[in-house]
Every structure is written in structure tokens, then in C-alpha cells.
Amino acid sequence: MKTARLIFALAAFAAPLVLATPAAAEGGVYVASAREKIAVGGYDTVSYFRGNGAPVKGSAKFKVTWKGAEWHFASAENAAAFKANPAAFAPQYGGHCAWAIAQGYLAPGDPTAYDIVGGKLYLNYDQGIRAKWRKDISGFIAKGGPNWAKIPAGKTYGGSSWFGF
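Residues numbered from 1 in each chain as written. Predicted model: local features only at pLDDT ≥ 70, side-chain atom pairs only at ≥ 80, totals over all residues. Heavy atoms only, no water.

Enquirer: Would you explain the overall build of the protein in this entry?
Expert: A count of helical and extended segments in the protein gives 7 helices and 6 strands. Taken from N to C terminus, the helices and strands of the protein fall in the order α-β-β-α-β-β-α-α-α-β-β-α-α. Sorting the 165 residues of the protein into buried and exposed places 44% on the buried side. In the protein, once contacts between residues fewer than 6 apart in sequence are set aside, the share between residues at least 24 apart is 55%. Accessible surface computed for the protein: about 8,400 Å², of which carbon and sulfur atoms make up 57%. (Helix = DSSP H or I, 4+ residues; strand = E, 2+ residues; numbered from the N terminus. Buried < 20%, exposed > 50% of the residue type's maximum accessible area, 1.4 Å probe, protein only. Contact = heavy atoms within 4.5 Å. Areas by Shrake-Rupley, 256 points an atom, 1.4 Å probe, with all protein chains shown as cover.)

This is the structure:
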């Protein structure tokens, strides 16, 4: 009976995600549109670390292609910093929701629902999920890494996508 409730709860949470049908670019980077392949909703990921407390939107004028996605930056300096060391600035789990990854499934990450932990950027689905994430960040990170490693290459959520592992 508990298994049926869990499946129902996960299905209820996942239903809006299926309707949205976002995609992941090569390498598991979350992009909202498979056609445009713009990572992190166009936000400048360097600005999370070097900004004034809030991330800023980037511009296609300062773009870098990495892992099959287009990353936008607010300045040439930020684009150069990312290009020199993308792993230092890219969100963990390809920008997918960190809390969802810890639970064993994929969900999109919202660039405005984020935390920087141990020098790493983590996105969550929304502010409500971010509040859940903050209750046990270290525990969710401990679960998230191994779960992320299990996701088959190129898998996404929505349509014929892959939800669990």
C-alpha cells in the first residue's frame, strides 16, 4: 500500500513536468527548449559567484557552447572565466533540480531557486522545493551524486523520457 501511495505521489508531482516536455542537451545539461538549447534559462552562471547577491541574465552577445548547450553571460570577462573552467561555474546535476536528483528522478532547475554549497551551484525546481532542500542539504548532496551518476546519457523527463533510477 505504501508503494502505491509513493507511486501516486511521484506521478502527481511529475505530471506537470510531462506536459512541459523540456529537454536535456548532450551531457545531461538541462535546457528549457530542445530547439534553442540555452542552459540555466540564460542566466550568467559566473554571476552567482561574482555578483552582488543575485544572479543576472546573460546575453547571447557573450555566449559559450559547452556540453551541447549555449551558456549566456553578462560580460566578456564572465564568458572567459566560464570557458577557462566551466565545471567551476556550471550548476551541479546539469542544472536539474538537486532535490529531485536526491529523490531519484529528474526535474527542471529554476535559476532563481538556488544555493551555493561548498563552492558549487545547486538549482531546485522552485522556492517550495528549495525549502525542502534546505532542511538537509548535506544529506541530499550525499544522495544526489550517486543518483546523478546512474542516469543514462541523454535521458530527460517528459514524453518518452526517463523518470526514475
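Enquirer: Where do I start with the environment of Ile101 in this structure?
Expert: Structurally, Ile101 is set in helix H5 (residues 98–103). C-alpha of Ile101 to C-alpha of Gly145: the two residues are 44 residues apart in sequence and 8.2 Å apart in space.

Enquirer: I would appreciate a short explanation of the nonpolar core in the present structure.
Expert: Generally speaking, nonpolar side chains in soluble globular proteins are found buried as a group. Val40, Tyr48, Trp71, Phe73 and Phe82 are the most contacted members of the largest nonpolar core, which totals 18 residues. Going through the elements one at a time, helix H2 (45–50), strand S4 (69–73), helix H3 (76–84) and strand S6 (120–124) are the ones with two or more residues in this core. Formed by 15 residues, the second largest nonpolar core is a distinct cluster that contains Tyr93, Ala102, Phe140 and Ile151. (Core = buried A, V, L, I, M, F, W, Y, C linked by side-chain atoms within 4.5 Å.)

Enquirer: Whenever I open this one, helix H7 (residues 137–150) confuses me. Can you help?
Expert: Think of an α-helix as 3.6 residues a turn; residues three or four steps apart then line up on the same face. For H7, with 14 residues, the first-to-last C-alpha span of 20 Å sits near the 20 Å given by 1.5 Å per residue. Bending of H7 peaks at approximately 25° at the position of Gly144, with proline Pro146 no more than four residues after it. Every buried residue of H7 is accounted for by Gly139, Phe140, Gly144 and Asn147. The secondary structure elements touched by the buried residues of H7 are H5 and helix H6 (127–133). (Expected span 1.5 Å × (residues − 1). Bend = angle between axes of the 7 residues up to and from the residue.)

Enquirer: What am I meant to see in the environment of Asn78 here?
Expert: Within the fold, Asn78 resides in helix H3. Residue classification places Asn78 among the buried residues on the basis of a relative accessible area of 13%. Between the C-alpha atom of Asn78 and that of Ser47, which follows or precedes it by 31 residues, the distance is 7.5 Å. When near neighbours in sequence (up to four residues on either side) are disregarded, Asn78 contacts Asp44, Val46, Ser47, Arg50 and Phe73.

Enquirer: Can you help me understand the pairing of S6 in this one?
Expert: Along a regular strand, successive side chains alternate from one face of the sheet to the other. Judged by how many residues are buried, S6 sits mostly within the fold: 4 of 5 residues are covered. Pairing geometry for strand S5 (residues 110–117) and S6, over 5 bridges, is antiparallel. The residue of S6 that forms the bridge with Tyr114 is Leu123. Counting the residues that bridge the hairpin from S5 to S6 gives 2 residues, and of these Gly118 lies at a positive phi of roughly 60°. (Pairing = 2+ DSSP bridges.)

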